[in-house]
Protein chains: 2
Amino acid sequence: MIKLHDIAEGVKKGQLRALAKAITLVESRNIDHSVAATTLLDELLPASGNSIRLGISGVPGAGKSTIIEALGLHLTGLGHKVAVLAVDPTSQLSGGSILGDKTRMEALSRDPNAFIRPSPSGDTLGGVARKTRETMLVCEAAGYDVIIVETVGVGQSEITVASMVDFFMLLQLPGAGDELQGIKKGVMEIADAIFINKAEGDNRPKAELARQQYLNALHLLKPKSTNWQVPVRLCSALHKQGIAEAWQTVHDFTQAMKASGEFEQKRRLQATDWMWTLTMNDLKDLFMHDRNVAALLTQMQQAVAQGITTPGAASRRLIEVFKRGH
Amino acid sequence: MIKLHDIAEGVKKGQLRALAKAITLVESRNIDHSVAATTLLDELLPASGNSIRLGISGVPGAGKSTIIEALGLHLTGLGHKVAVLAVDPTSQLSGGSILGDKTRMEALSRDPNAFIRPSPSGDTLGGVARKTRETMLVCEAAGYDVIIVETVGVGQSEITVASMVDFFMLLQLPGAGDELQGIKKGVMEIADAIFINKAEGDNRPKAELARQQYLNALHLLKPKSTNWQVPVRLCSALHKQGIAEAWQTVHDFTQAMKASGEFEQKRRLQATDWMWTLTMNDLKDLFMHDRNVAALLTQMQQAVAQGITTPGAASRRLIEVFKRGH
Ligand SMILES: Nc1nc2c(ncn2[C@@H]2O[C@H](COP(=O)(O)OP(=O)(O)OP(=O)(O)O)[C@@H](O)[C@H]2O)c(=O)[nH]1
Ligand SMILES: Nc1nc2c(ncn2[C@@H]2O[C@H](COP(=O)(O)OP(=O)(O)OP(=O)(O)O)[C@@H](O)[C@H]2O)c(=O)[nH]1
Ligand SMILES: [Mg+2]
Ligand SMILES: [Mg+2]
């Protein structure tokens, strides 16, 4: 029997062993652990939420880990406690980015006021995201007041990360062949700020050009909030240039959002949206693992693809066998 | 007792009375009718599919109905049988666009080789779309070999229509204040061709300019198929200019898609996607109308919004009560 209350108390005191235990519980795939984790999270919930949640995305090699290390050290220097989490959609393929991230954030990983947690492995992005989101709450309860979530800018993972943070930063490269990579993927629409990294030395003019192009592209988009204009800034994570300015941007943003009430409103919406996502996800699982549904599924899908039955008829039959089985 | 087999036979012979009866059945909200409709559709299915399915979208007043009338008359002149359907997300508010559309397509509505069906009323876009999609099959079984679906370019309805047609045409206006309206809404990504309407007289230079801007914008987008380059053309529906060219475009497109196998592949994918959409929709309905779930729902949503319980815990409780109730 795990003493949940003891773990919760330990977490709230900021004890690293309790924090590790809590996160292990949250990340576990064991079904009993999952019930325990729910109880634990409910106990930690009142102590959570007092943080700034920051998402950082960008193509592989954009410099996300490097800027997180620089920003993290800057923040611990200012007296903050920083937790770094990762949502890595490729982790189940590559076996996790643990080593990669820890070695790339070497100085930060030795900082007593920083906590780095690589992405857990998981079958689905939804599974990884669920755990990341819950780990975020545990870290907050443990007193970390800045949470940084890193994700690779590929497909759905950015949208998922944006839905769990207060501020979403897009890290871009100067003149990476196609300066408007962002627009295509709809990522620019969710960015609260764009930073063009590696903007040092010879790269500077290219970075300036990219900045102009992003600003032009931003004009085509409907602003997310009337109280915030998405800035495009240059930085060099490697040379620690633009790091303080990045934090200033986050600060300005949260001030504006808190003043207008959007900050709280967004968090409430994120929480209820997330409840729906989880519920619909579990409902779908329940359906797909239903014995009768599973027995009929492939057959129906093929019949529809071959034009032997209509999508409507196939769907009705699947729902019928599900109802009957319950 | 409705003689389903008789209706099916009548439809296949192209009898208008049988067609009307079949569509009434498909559109009915009565639950017994819904079962009958499923049976009828399965009987008609083998006779369906032999058509070109065309979606036309654009802002209110772009000239969709006018171009459909012109194109429809052009097509019946060539010996085609044309069915015009509508997906109108506003129909449940405005009480339907029946009168509007019939008066705007007066000549076509008197053409014996054309069939115009305004959008049925419905609670949800999903409901309207389901009926439109099934009505399309009935029309095909009745020998209509060109199906045109009109939808207003607002929000989700365009995506829905694009998911049920072979060819999706975006109708735009020259210099409508913001020439890049399309890009913002992600509609350009689903267009197979863009037509700039009302490109006559004084409007011509503005239309040419808009054309260039759309072409530039298209370069930013990833092509949907390597076998098709989205054209941007000018037309004047009112003066019947560019109508034959529009049909030529549809023809070129379908030729290219059929040659590459994408035509059939897309239809198969649309059918199975639609099966999933319907199934998930009905599953959600089943869940939301479950007595135990309904009793707990508001409470859980509020608890999550107020930070009293976590999204994960709330979701687990909702799924638990659903399982228990079945
Ligand atoms: N010149 C230059 N190199 C940089 C800068 N920031 C990061 N790099 C280098 O770019 C490479 C990739 O940096 P990372 O921080 O690992 O990039 P990442 O975005 O985290 O990459 P993934 O985690 O693999 O997606 C490393 O070799 C960094 O040293 C910079 O500002 N200037
Ligand atoms: N000058 C000019 N007017 C046109 C042209 N095409 C359509 N119109 C006019 O534009 C108005 C709107 O045309 P509709 O065809 O009803 O437009 P719609 O896109 O179907 O509009 P909704 O169904 O209300 O969304 C009508 O007054 C048409 O006569 C054109 O090529 N040139
Ligand atoms: Mg990294
Ligand atoms: Mg119209």
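The structure displayed is predicted, hence computed values, not measured ones. (Residues numbered from 1 in each chain as written. Chains lettered and ligands numbered in written order. Predicted model: local features only at pLDDT ≥ 70, side-chain atom pairs only at ≥ 80, totals over all residues. Heavy atoms only, no water.)

Undergrad: Just give me the short version of the relation of the copies chain B and chain A, but keep the residues and values in it.
TA: You can overlay chain B on chain A at an RMSD of 0.1 Å; the transform is a turn of 180° with a shift of 0.0 Å along its axis. One copy is carried onto the other by what is essentially a two-fold rotation axis. A share of 98% of interface residues in chain B that are also interface residues in chain A marks the association as one of identical surfaces. (Least-squares fit on C-alpha atoms with pLDDT ≥ 70 in both. Contact = heavy atoms within 4.5 Å.)

Undergrad: So what's going on with the coordination of the magnesium ion (ligand 3)? Which residues, and what values?
TA: Residues and elements named next belong to chain A. Of the protein atoms, only Ser65 (OG) and Glu150 (OE) coordinate the magnesium ion (ligand 3), at distances of 2.1 to 2.3 Å. One end of the pair, serine 65, is in helix H4 (residues 64-77); the other, glutamate 150, is in strand S4 (residues 146-152), with 85 residues separating them in the sequence. Accessibility expressed as a relative area gives 9% for glutamate 150, which makes it buried. (Donors = N, O, S within 2.8 Å, 3.2 Å for Na, K, Ca; no water. Helix = DSSP H or I, 4+ residues; strand = E, 2+ residues; numbered from the N terminus. Buried < 20%, exposed > 50% of the residue type's maximum accessible area, 1.4 Å probe, protein only.)

Undergrad: Just give me the short version of the sheet that holds strand S7 (residues 232-234) of chain A, but keep the residues and values in it.
TA: Residue and element names in this part refer to chain A. Taking strand neighbours across the sheet as the criterion, the 7 strands line up as S3-S2-S4-S1-S5-S6-S7 in an open arrangement whose pairing is parallel. In this open sheet, the two strands that pair with only one neighbour each are strand S3 (114-117) and S7. Neighbour to neighbour, the strand axes of the sheet diverge by 20° on average, direction disregarded. Where strand S1 (residues 52-58) meets S4, 7 bridges bridge the pair, whose relative direction is parallel. (Pairing = 2+ DSSP bridges. Axes fitted to C-alpha atoms, helices over the stretch in contact; angles between N-to-C directions.)

Undergrad: Quick rundown of the domain arrangement of chain A? Include the residues and the values.
TA: Split by domain assignment, chain A resolves into domain 1 (1-47), domain 2 (49-260) and domain 3 (275-324). Relative to domain 3 of chain A, the C-alpha centre of domain 1 of chain A lies at a distance of 36 Å. (Domains from an automatic or database assignment.)

Undergrad: Which residues make up the site of ligand 1, and what are the values?
TA: All names here are of chain A. Lys64, Ser65, Thr66, Arg104 and Glu200 are the nearest of the 17 residues found near ligand 1. Protein coverage of the free-state accessible area of ligand 1, which is 650 Å², stands at 74%. Counting residues per element, the ones that place at least two in the shell around ligand 1 are H4 and S4. Residue contributions to the shell around ligand 1 peak at 3 residues, all from H4. (Near = heavy atom within 4 Å. Areas by Shrake-Rupley, 256 points an atom, 1.4 Å probe, with all protein chains shown as cover.)

Undergrad: Please give an account of the pattern of salt bridges that cites residues and values.
TA: Residues and elements named next belong to chain A. Tallied over the full model, the rule gives 16 salt bridges over all chains. One salt bridge in this structure joins arginine 130 and aspartate 282, with 3.8 Å as the shortest N-O distance. Within this pair, whereas arginine 130 is found in helix H8 (residues 125-141), its partner aspartate 282 is found in helix H13 (residues 262-288), the two being separated by 152 residues in sequence. For the pair arginine 130 and aspartate 282, one class covers both residues: buried. (Salt bridge = Lys/Arg side-chain N within 4 Å of Asp/Glu carboxyl O.)

Undergrad: Would you mind going over the site of ligand 2 in detail, with residue names and values included?
TA: Residues and elements named next belong to chain B. Around ligand 2 lies a shell of 17 residues, among which Lys64, Ser65, Thr66, Arg104 and Glu200 are the nearest. One of the backbone N or O atoms of alanine 237 is found 2.9 Å from an oxygen atom in ligand 2. Backbone polar atom of leucine 238 to an oxygen atom of ligand 2: 3.1 Å apart, as the coordinates give it. Considering ligand 2 on its own, with 640 Å² of exposed area, one finds that the protein chains cover 74% of that surface. (Polar contact = N/O pair within 3.5 Å; in protein donor to acceptor, adjacent residues only side chain to side chain.)

Undergrad: Kindly report on the sheet that holds strand S3 (residues 114-117) of chain B, identifying the contributing residues and their values.
TA: Residues and elements named next belong to chain B. If you walk across this open sheet you meet the 7 strands as S3-S2-S4-S1-S5-S6-S7, and the pairing is parallel. Of all strands in the sheet, those bounded by a partner on one side alone are S3 and strand S7 (232-234). Mean inter-strand twist for the sheet, computed between neighbouring axes without regard to direction, equals 20°. Sheet topology note: the strand S1 (residues 52-58)/strand S5 (residues 167-172) ladder contains 4 bridges and is parallel. Across the sheet, residue glycine 55 finds its bridge partner in S5, namely phenylalanine 168.

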